[in-house]
Amino acid sequence: MTAMAAPSTSRRIAELALPALVVLAAEPLYLLVDTAVVGHLGRVPLAALAVGGVVLTFASWFGTVIAYGTTGRSARQFGAGSRASAVAEGVQASWLALGLGLVILLAAQPLAGPVTRTLAGGAGVADSAATWLRIAALGVPGLLVATAGNGWLRGVQDTRRPLRYVLGANLLSVALSPVLVYWLGLGLAGSAVANAAAQTVSGTLFVRALVAERAPLRPQPAMIRAQLRFGRDLAVRGLAFQACFLSATAVAARFGAAAVGAHQVALQLWNFCSLALDAVAIAAQSLVGAALGGGRVAEARWLGRRIAVIGLVCGVAFGAVILAGAPVLPRLFSSDPEVYHQAMLAWPWFVGMQPLAGVVFALDGVLIGAGDVGYMRNLTIVAALGGFLPMIWLAYGLRLGLGGVWAGLTLFIVIRLVLLLYRLRTDRWLVTGTVR
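Bear in mind that the values here come from a model prediction, so they are computed numbers and not experimental data.

Caption draft 1: Fine view of the nonpolar core. Among the nonpolar cores identified, the biggest contains 124 residues, and W270 and W406 are the most heavily contacted of them. Counting residues per element, this core draws most heavily on helix α9 (residues 257–293), which supplies 20 residues. Judged by nonpolar contacts, the second largest core, of 15 residues, contains V91, A146, V156 and A209.

See below:
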């Protein structure tokens, strides 16, 4: 990159990242509002939301896999000069998302009870969580279609339409949640209805975007199979993530309702921070994919280094805000003093990992944009099996409490950071062409 090109590219990163930031923040912001609304119903509903929410997050992870794979494939086609081929990737990804969403919706109805009983420490929490999950699952098809839509629109470097669609749907849900929970007296079930409504509206808007492109909408099994092959490594990587977060919730639940409630508060704030930091990764996926699709290796290498620095700066800023908000933020979600006490056990780890996480999420975007998903799979498995899972069950065995759970999460981030920086120093991720 030349000295003149660097500022221009930095502006392009900002132009893509800022709208993506709002899109990524919209869902966790809604969940934070929902957590605050449910938290004031009492300790048990908050714990039930924690258990049901982490299971729904597992379902939504499939959408993240589809979105990331679609962004990389669409970006390479777009970088090579074929917008039509980039949009075609979005059409087939949407069919894949819809089919998978319907399967999850149907499976959730009989499986919600057994799954929540496995995760929760008490029958009251498990039963409430199962009810919430069965209702919220109605929105999963819309959720997955929306994530596929985000993927192809990011690939063609359009982050403004997702901004309108996701923000509008989540504002609707923010308005619905307190009305349904309190004014109509639906309690925890009202939270699930509001969640499902937002996801369905969002998915519908992304379908309309595809129709507006006037692209052929017929399913193409060959392209869907190619997307599945590309997504396989991302799926394995995601399973390692989900094993970590499900284990964290299960261990926290065994320390009591206050501990798992505090874990829910910290985890939702963590999700908000991580998704907001992912805005830089979204820009990286689009720009790195386009650069390699167009054969511009030097540009891709420069982008990788630049985006890592931007991620570090953003992570430091998030850490400072979270540290300053320690006396206030947990109390926004629960007035229970024991929940606040438990949250403070996790807080130092939560704050300290933010700068490291900023770099990790940024480099995740660089390698996903480059299609280097095999390496991403391997490093995540190593970090999960070699760091997080042993630490989390050690925390349970030694009764280290919520602080031990969050120490395991921090170790997970540290291992990933080391392996990502190593990869960035090599040239093995720099593969050009429309298909890696």
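Caption draft 2: Quick peek at the packing of aromatic side chains. Overall, the coordinates contain seven aromatic pairs when judged by the stated rule. Ring plane angle 85 degrees and centroid distance 5.5 Å describe the contact between F241 and F412, whose orientation is recorded as edge-to-face. Remark: F412 occurs in helix α14 (residues 401–424) and F241 occurs in helix α8 (residues 221–253); sequence separation between them is 171 residues. Note on F241: relative accessible area 14%, which makes it buried. We classify F412 as buried; its relative accessible area is 2%. An aromatic cluster of at least three residues, connected via ring pairs, comprises F241, F388 and F412. Lying across the ring of Y340, R331 places its NZ or CZ 3.8 Å from the centre. If you follow R423 out to its NZ or CZ, it ends over the ring of Y375, 4.4 Å from the centre.

Caption draft 3: Local environment of the pattern of salt bridges. What the rule picks out here adds up to ten salt bridges. Of the charged contacts, one joins E213 and R83 as a salt bridge, the two residues approaching to 2.9 Å between their closest N and O atoms. Pair noted here: E213 is in the loop between α7 (188–212) and α8 and R83 is in helix α3 (residues 83–119), with a separation of 130 residues, a long-range link. Judged by relative accessible area, E213 falls into the partly exposed class, the value being 24%. Given the relative accessible area of 35%, R83 is considered partly exposed. With its nearest N and O atoms 3.1 Å apart, the salt bridge here joins R237 to D364. Here the residue R237 occupies a position in helix α8, and D364 occupies one in helix α12 (residues 354–369), the gap between them amounting to 127 residues. As far as burial versus exposure is concerned, R237 and D364 are alike and both buried.

Caption draft 4: Geometry of the packing of α8 against helix α13 (residues 373–397). The interhelical angle for the contact between α8 and α13, taken along N-to-C directions, is 10 degrees, at an axis separation of 9 Å. Classified by the interaxial angle, the pair formed by α8 and α13 is roughly parallel. Residue-level contacts link F230, D233, L234, V236, R237, A240, F241, A243, C244, S247, A248 and V251 of α8 to V373, G374, M376, R377, T380, I381, A384, F388, L389, I392, W393 and Y396 of α13.

Caption draft 5: Representation of unusual backbone geometry within the structure. In the Ramachandran plot, R214 falls in the positive-phi region, its phi being about 55 degrees despite a non-glycine side chain. Examined against the element boundaries, R214 turns out to sit in the loop between α7 and α8. We classify R214 as exposed; its relative accessible area is 78%. Of note, the phi angle at R399 is positive, near 55 degrees, even though the residue is not glycine. If you trace the backbone, R399 turns up in the loop between α13 and α14.

Criteria and cut-off values
- Residues numbered from 1 in each chain as written.
- Predicted model: local features only at pLDDT ≥ 70, side-chain atom pairs only at ≥ 80, totals over all residues.
- Heavy atoms only, no water.
- Core = buried A, V, L, I, M, F, W, Y, C linked by side-chain atoms within 4.5 Å.
- Buried < 20%, exposed > 50% of the residue type's maximum accessible area, 1.4 Å probe, protein only.
- Helix = DSSP H or I, 4+ residues; strand = E, 2+ residues; numbered from the N terminus.
- Phe/Tyr/Trp six-rings, centres within 6.5 Å; stacked < 30°, edge-to-face > 60°.
- Lys NZ or Arg CZ within 6 Å of the ring centre and 35° of its normal.
- Salt bridge = Lys/Arg side-chain N within 4 Å of Asp/Glu carboxyl O.
- Axes fitted to C-alpha atoms, helices over the stretch in contact; angles between N-to-C directions.
- Parallel < 35°, antiparallel > 145°, perpendicular 65-115°, else oblique.
- Contact = heavy atoms within 4.5 Å.

These figures come from the coordinates and say nothing about function on their own.
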